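# Secondary and tertiary structure notes
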Amino acid sequence: MLSSWAYSRFYQLLQSILSNRGIDLITVNPVYSSLIGLVKYMRMYGLSSDCAAALVVARRAMRLNELPQSSITAYASVNEDKHIWSFWSELNKKIKRSTKINRRHDYFTVSNWSFLDNLSNVRE
């Protein structure tokens, strides 16, 4: 409860300071930003995991989509009827169950996501 109050108070103060200076504060939901950054941008641009997640948050603020690459969708299905975050949730569960990726640095070595094919689909 105190943590929630601290965050809301911080955003109120930040919004007040920025509005006095003519700057808009854009807030976005950071859900799956770390995973998307690791899978899509870390290896592509040679970024650290936190910079890749920040890139995802910035792209989300610019209202750009985070559709998965075709190299990943070949091994994990995308349901067109659901929100794209359901795909990232499914991929996250599969990666956690795999033995190929144990640390963030392991995402640099993944060039073929075929190891996901061996894992059964995770159902809730």
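## Quick look at the overall build of the chain
- Helix and strand content of the chain: five helices and zero strands.
- Helices and strands in the chain line up, N terminus first, as α-α-α-α-α.
- Viewed in the frame of its principal axes, the chain has a C-alpha envelope of about 55 × 35 × 30 Å.
- Buried residues in the chain amount to 28% of all 124 residues.
- A fraction of 52% describes how many contacts in the chain between residues 6 or more apart in sequence connect residues 24 or more apart.
- When the accessible surface of the chain is totalled, it reaches about 8,600 Å², and 52% of it is carbon and sulfur.
- Of the side chains in the chain, 16 bear a positive and 9 a negative charge, and the two mean positions are spaced by 5 Å.

## Looking at the environment of leucine 47
- Counting through the fold element by element, leucine 47 comes out in the loop between helix 2 (33-45) and helix 3 (49-61).
- Owing to a relative accessible area of 23%, leucine 47 belongs among the partly exposed residues under this scheme.
- Here the alpha-carbon distance between leucine 47 and isoleucine 36, two residues 11 residues apart in the chain, equals 13 Å.
- Residues within four places of leucine 47 in sequence aside, it is in contact with Tyr41, Met42, Ala52, Leu55 and Phe108.

## Description of helix 2
- Across its 13 residues, helix 2 extends only 16 Å between first and last C-alpha, which sits more than 12% below the 18 Å expected from 1.5 Å per residue.
- Approximately 40 degrees is the largest bend angle found in helix 2, and it occurs at valine 39.
- Once helix 2 ends, the next one or two residues include glycine 46, with phi positive near 65 degrees.

So, how was this worked out
- Residues numbered from 1 in each chain as written.
- Predicted model: local features only at pLDDT ≥ 70, side-chain atom pairs only at ≥ 80, totals over all residues.
- Heavy atoms only, no water.
- Helix = DSSP H or I, 4+ residues; strand = E, 2+ residues; numbered from the N terminus.
- Buried < 20%, exposed > 50% of the residue type's maximum accessible area, 1.4 Å probe, protein only.
- Contact = heavy atoms within 4.5 Å.
- Areas by Shrake-Rupley, 256 points an atom, 1.4 Å probe, with all protein chains shown as cover.
- Lys, Arg positive; Asp, Glu negative; His and termini not counted.
- Charge placed at Lys NZ, Arg CZ, Asp CG, Glu CD.
- Expected span 1.5 Å × (residues − 1).
- Bend = angle between axes of the 7 residues up to and from the residue.

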